[in-house]
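Take a look at the letters that make up each chain.
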Amino acid sequence: MYILKILVEHTILKLNREFLYSNENKVDIGVRVFINFNNQKIVGFVIDCFELNEDISSYSKKLGFDIKPIAEILDDKPIVNNELWELANKLSEHYFYPLIGVLQTMLPNSMKPKHVALKAPKIKYDEFYKLNRDNLKSEILLKNAAKLILKFENSLILEKKKLSKSKTLDDLISKGIIEILRIESKRYSPVITFNYEKEITLTEEQQNAFDEILNENDYSTFLLKGITGSGKTEVYIKLIERAKSENRGSIILVPEIALTPLMISRLLSYFGDGVAVLHSSLTPAQRYDEYRRIAKGEAQIVVGTRSAIFAPVKNLGLIIIDEENDESYKEDDQRFLYNAKDVASIRVKTNNAKLVLGSATPSVETMAKAKKGLIKLVELKKRYYNVELPNVLIVNKNDKNMYSYKSSVFSLPLIKKIKETISVGEQVILLINSRGYSNNLQCRECGEVFRCPTCNLPLHYHRLDNVLYCHHCEFKIKKPNNCPNCNSRFFKFGNFGIEKVEEEFKKLFNVPYLVLDSDRANKTYQIEEILKNFNDNKYQVLIGTQMVSKGHDFKNVSLVGILNADTLLNFPNYRSNEMTFSLITQTIGRAGRFGKRGEAIIQTSYVDNFVISSASTQDYESFYDFEIKRRKTSDYPPFMNVLSFSVKSKKLNLVEGISETIKNYFEHLHYQDVDILGPSKITKIGDFYLNNVFVKYKKLNILQEQIKLLIESYKNESDVQVRINLNPYSY
């Protein structure tokens, strides 16, 4: 008899422990099993198994409870390898999150230790008939059998659908003359969307960067800071090639699905095959197939968005995080709130690998680490074709002379430049970092702003569908005809979005255009089609949200227009300056990348703002010096880290009580370099009350055990949820 230590599928803090079950035979660690738990049949995950050297009943009596047998073993072999199992344990400890929840995040739907995963896609097989000529020689065939064999013609393999079921066929199968062959079906194959060179010759500066990363033994993490158009991707590819030559695997992360067709095309053009893709635009079946292909070692190179950091790459030697400053690498919404950069750091240490963080606009925290010598800084200061950075004009949106009655969206200088660019056959990218028609809808009479009942955020108005839409939780309602507060029929719009831009563009310019935003292109094939059409010069204008701002490499783009540079500047987030600087710098960098110097026009209400002016000249060093001083004054990262406790319950007294408990707990510790902010003002969204307590700290290790004790104090409260978030980006 064997005793199994099992995690149950529920990601509840009070169940975040092992439960004992039994089985007649040994069970592998890392497999899923069916168990009866609290009168329910649920999925468990085996974390240990040992042989019992005494009677099960006496062992149960010693423990004081009955040990039930498992109901069923669900897997033939472990669903995670040793490295990922160790990683899951480290992440659970680091982020104070149930281990089972970490595993559920790491794995594709079909492999999650979760009951609903059992209904997810399984391996798909195509069936064929195979002709066994050796057995055929010893048989004298009847007329019908001979006729059936002729259908194979000169082949040994025939699709199953080409032969109808018959007694003759059954006889041939029973005699071993025809065999049924099952071959696993591929439900996804990466394709080349853009044509790229199959050979890469590095410039002297790129070669120096490559050599520095390759030959450095004192550092495992590198910041590759390269101005826009400097050719960071070429360095990435050469590093991947070196890893591949040493039979080591690579993971390359990009911040958005919109950038995967470009990166896939680059890698497939260069390496030919052995490239796998993981991102949310794939169907669950496709993700399952790709994950298994990686686990079997059939793909050494993995491209994907944030969750691809968990790819089961064999002999991992290199992780590249492109546009490392992008906020998409931090999960702030779902249950397990991890940062892909933290995960990457753990994996490179475990695998003795290298981590390359690439960006033209590194995050302040990453650059601070480089300046302190904690990671190695490697720079590319020249554009690949030695083209100068674009000429930039800043247009004051408050200056009425810059606009006419024809448009409140397009300034006169931008209208003129667009017309000139189109007339000479060149291309334009227009950025508006706001989806929909307007970022809110407000009653003109009483001032009522329509808000999401779940998130309490202003609802965006989407004119194309005539709906009010929450961009956070995807709640939507038809636009009402009357104000629910005062019954007025008159509304006014907030700041304009991409639909308004499109509406005015059509009035001003008689030219076909493309639109790239997540409302109209949220699938990879849609994004690929739009980007390919633009890359092939079938359209001269691309209007888009931040999906167009980074990573793209269009040869014929000579003009970029940023229609409202202020959208992120006033965002209630300590990183708003950094996000604004990055968005402007990256977007400007799309212009003039091949030969001819490009131009950019920035429309803003803050022409004297230092962040906007430094971004317009791509002066990262000046921006960094400005921003690091501001962060130090306010005790923001990298000087202090932030720990967020979000308390949520339908019971107001529980939210108030636990929020105060958290605050008092940290105050009574009397630790130096630990500050407590909050509790904040309680808000009510739908049926739930919400509150936040923030803890600023320098080193997590001095708080680790104390946080665990704090969790013990409230984990049995079933009517309240407390979400812990390390360094939230939305703070």
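Since the structure is predicted, the reported quantities are computational estimates derived from the model, not experimental observations.

Caption draft 1: Fine view of the overall build of the chain. Per the secondary structure count, the chain includes 20 helices and 32 strands. Its C-alpha atoms give the chain a radius of gyration of 30 Å, within 12% of the compact-globule value 27 Å for 731 residues. Counting only C-alpha atoms, the chain reaches 90 × 75 × 65 Å along its principal axes. Within the chain, the fraction of its 731 residues that count as buried is 53%. For the chain, contacts bridging at least 24 residues in sequence account for 74% of all contacts bridging at least 6. Taken as a whole, the chain presents about 34,400 Å² of accessible surface, with 46% of it coming from carbon and sulfur. Mean positive and mean negative side-chain charge positions of the chain (103 and 89 charges, respectively) differ by 4 Å.

Caption draft 2: The arrangement of the packing of helix α8 (residues 232-245) against helix α9 (residues 260-271) in detail. Orientation of α8 relative to α9, taken along the N-to-C sense of each, is 50°, at an axis distance of 11 Å. If you check the angle between α8 and α9, you find them oblique. In this structure, the crossing between α8 and α9 has a hand that is right-handed. Two secondary-structure elements touch here, α8 through Thr-233, Glu-234, Ile-237, Lys-238, Ile-240, Glu-241 and Lys-244 and α9 through Met-263, Arg-266, Leu-267, Tyr-270 and Phe-271.

Caption draft 3: Summary view of the environment of Glu-712. On the secondary structure map, Glu-712 appears in helix α20 (residues 704-714). According to the relative accessible area criterion, Glu-712 is partly exposed, its value standing at 47%. The spacing of Glu-712 and Met-1 is 711 residues in sequence and 34 Å in space, taken between C-alpha atoms.

Caption draft 4: View of unusual backbone geometry. Across the junction of Pro-637 and Pro-638, the peptide omega takes the value 15°, indicating a cis bond. Positionally, Pro-638 belongs in the loop between α18 (620-634) and β28 (641-649). Look at the link from Gly-678 to Pro-679: it is a cis peptide, with omega at 5°. With respect to the element layout, Pro-679 can be found in the loop between β29 (674-677) and β30 (683-685). Positive phi is not limited to glycine here, since Glu-474 has a value of about 70°. Mapped onto the secondary structure, Glu-474 falls in the loop between β21 (467-469) and β22 (476-478). In this structure Glu-474 comes out as exposed when scored by relative accessible area, which is 55%. Phi at Asn-537 takes a positive value of approximately 65°, unusual for a residue other than glycine. The topology assignment puts Asn-537 in the loop between α15 (524-535) and β25 (541-544).

Caption draft 5: Representation of the packing of aromatic side chains within the structure. Using the criterion set out here, one finds 24 aromatic pairs in the structure. Taking the centre distance of 4.9 Å and the plane angle of 40° together, the rings of Phe-610 and Phe-626 count as tilted. A residue pair is termed long-range when its members are at least 10 positions apart, and Phe-610 in helix α17 (residues 610-616) and Phe-626 in helix α18 qualify at 16 residues. Given a relative accessible area of 33%, Phe-610 falls into the partly exposed group. Judged by its relative accessible area of 33%, Phe-626 is partly exposed. Aromatic ring contacts, followed pair by pair, group Tyr-95, Tyr-97, Phe-310, Phe-336 and Tyr-338 into a single cluster. The ring of Tyr-125 has Arg-182 sitting right over it, with the charged end atom 4.1 Å from the ring centre.

Caption draft 6: Examining the side chain of Thr-221 more closely. Along the chain, the position of Thr-221 falls in strand β10 (residues 221-226). Residue class for Thr-221 comes out buried when judged on its relative accessible area of 13%. Every residue in contact with Thr-221, bar those within four places of it in the chain, is listed here: Leu-355, Leu-357, Ile-375 and Lys-376.

Caption draft 7: A look at the sheet that holds strand β27 (residues 599-604). If you walk across this open sheet you meet the six strands as β17-β27-β26-β18-β25-β24, and the pairing is parallel. Each edge of the open sheet is held by one strand with a lone partner, namely β17 (391-396) and β24 (513-516). Ignoring strand direction, the axes of neighbouring strands in this sheet form an average angle of 15°. In the sheet, β24 pairs with β25 via four bridges, with the strands oriented parallel. Looking across to β25, one finds that Leu-516 is bridged to Gly-544. Running at roughly 175° to β24, helix α14 (residues 498-508) makes contact with β18 (427-431), β24 and β25 of the sheet. Across the sheet, helix α16 (residues 576-588) is in contact with β17, β18, β26 (557-562) and β27; its angle to β26 comes to roughly 155°.

Caption draft 8: Structural view of the packing of helix α2 (residues 82-95) against helix α11 (residues 340-351). Viewed as axis vectors pointing N to C, α2 and α11 meet at an angle of 135°, and their least axial separation amounts to 11 Å. Considered as vectors, α2 and α11 are oriented oblique to each other. Between α2 and α11 lies a crossing whose hand is right-handed. Between α2, through Glu-83, Leu-84, Glu-86, Leu-87, Lys-90, Leu-91, His-94 and Tyr-95, and α11, the contact on the second element is made entirely by Asp-342, Val-343, Ile-346, Arg-347, Thr-350 and Asn-351.

Caption draft 9: Local environment of the layout of surface pockets. If you add up the space inside the second largest pocket, you get close to 1,300 Å³. Lining of the second largest pocket is provided by 38 residues; of these, Asp-342, Ser-345, Lys-369, Asn-641 and Asn-727 occupy positions nearest its centre. When contributions to the lining of the second largest pocket are tallied by element, the ones reaching two or more residues are α2, α11, β15 (354-359) and α12 (364-371). For the lining of the second largest pocket, the element with the highest residue contribution is α11, accounting for six residues.

Caption draft 10: Main features of helix α7 (residues 204-215). A rise of 1.5 Å per residue sets the reference length of α7, with its 12 residues, at 16 Å; its end C-alpha atoms lie 16 Å apart and thus fit the reference within 8%. Regarding α7, the residues found buried are Gln-206, Ala-209, Phe-210 and Ile-213. Viewed end-on, α7 has its buried residues packed into an arc of 100°, placing them on one side of the element. α7 presents Glu-204 and Asn-215 as exposed residues on the side facing more than 90 degrees away from its buried surface. Where α7 is buried, its residues touch β10, α8, β15 and β16 (376-380).

Caption draft 11: Representation of the environment of Ile-321. As for its position among the elements, Ile-321 is in strand β14 (residues 316-322). Classification of Ile-321 by relative accessible area gives buried; the value is 0%. Sequence separation between Ile-321 and Pro-261 is 60 residues, and the spatial gap between their C-alpha atoms is 16 Å. Contact partners of Ile-321, with chain neighbours within four places excluded, come to Leu-253, Tyr-329, Ala-340, Lys-341, Ala-344, Leu-355, Val-356, Leu-357 and Gly-358.

How each quantity is defined
Residues numbered from 1 in each chain as written. Predicted model: local features only at pLDDT ≥ 70, side-chain atom pairs only at ≥ 80, totals over all residues. Heavy atoms only, no water. Helix = DSSP H or I, 4+ residues; strand = E, 2+ residues; numbered from the N terminus. Rg over C-alpha atoms; globule rule 2.2 N^0.38 Å. Buried < 20%, exposed > 50% of the residue type's maximum accessible area, 1.4 Å probe, protein only. Contact = heavy atoms within 4.5 Å. Areas by Shrake-Rupley, 256 points an atom, 1.4 Å probe, with all protein chains shown as cover. Lys, Arg positive; Asp, Glu negative; His and termini not counted. Charge placed at Lys NZ, Arg CZ, Asp CG, Glu CD. Axes fitted to C-alpha atoms, helices over the stretch in contact; angles between N-to-C directions. Parallel < 35°, antiparallel > 145°, perpendicular 65-115°, else oblique. Left-handed = near helix turned anticlockwise from the far one by under 90°. Phe/Tyr/Trp six-rings, centres within 6.5 Å; stacked < 30°, edge-to-face > 60°. Lys NZ or Arg CZ within 6 Å of the ring centre and 35° of its normal. Pairing = 2+ DSSP bridges. 1 Å grid on protein atoms, 1.4 Å probe; cavity = no way out; pocket = protein on both sides within 12 Å on 5 of 7 lines; lining within 4 Å. Points joined across faces, edges and corners; volume = space filled by probe spheres on them. Expected span 1.5 Å × (residues − 1). Arc of directions from axis to C-beta.

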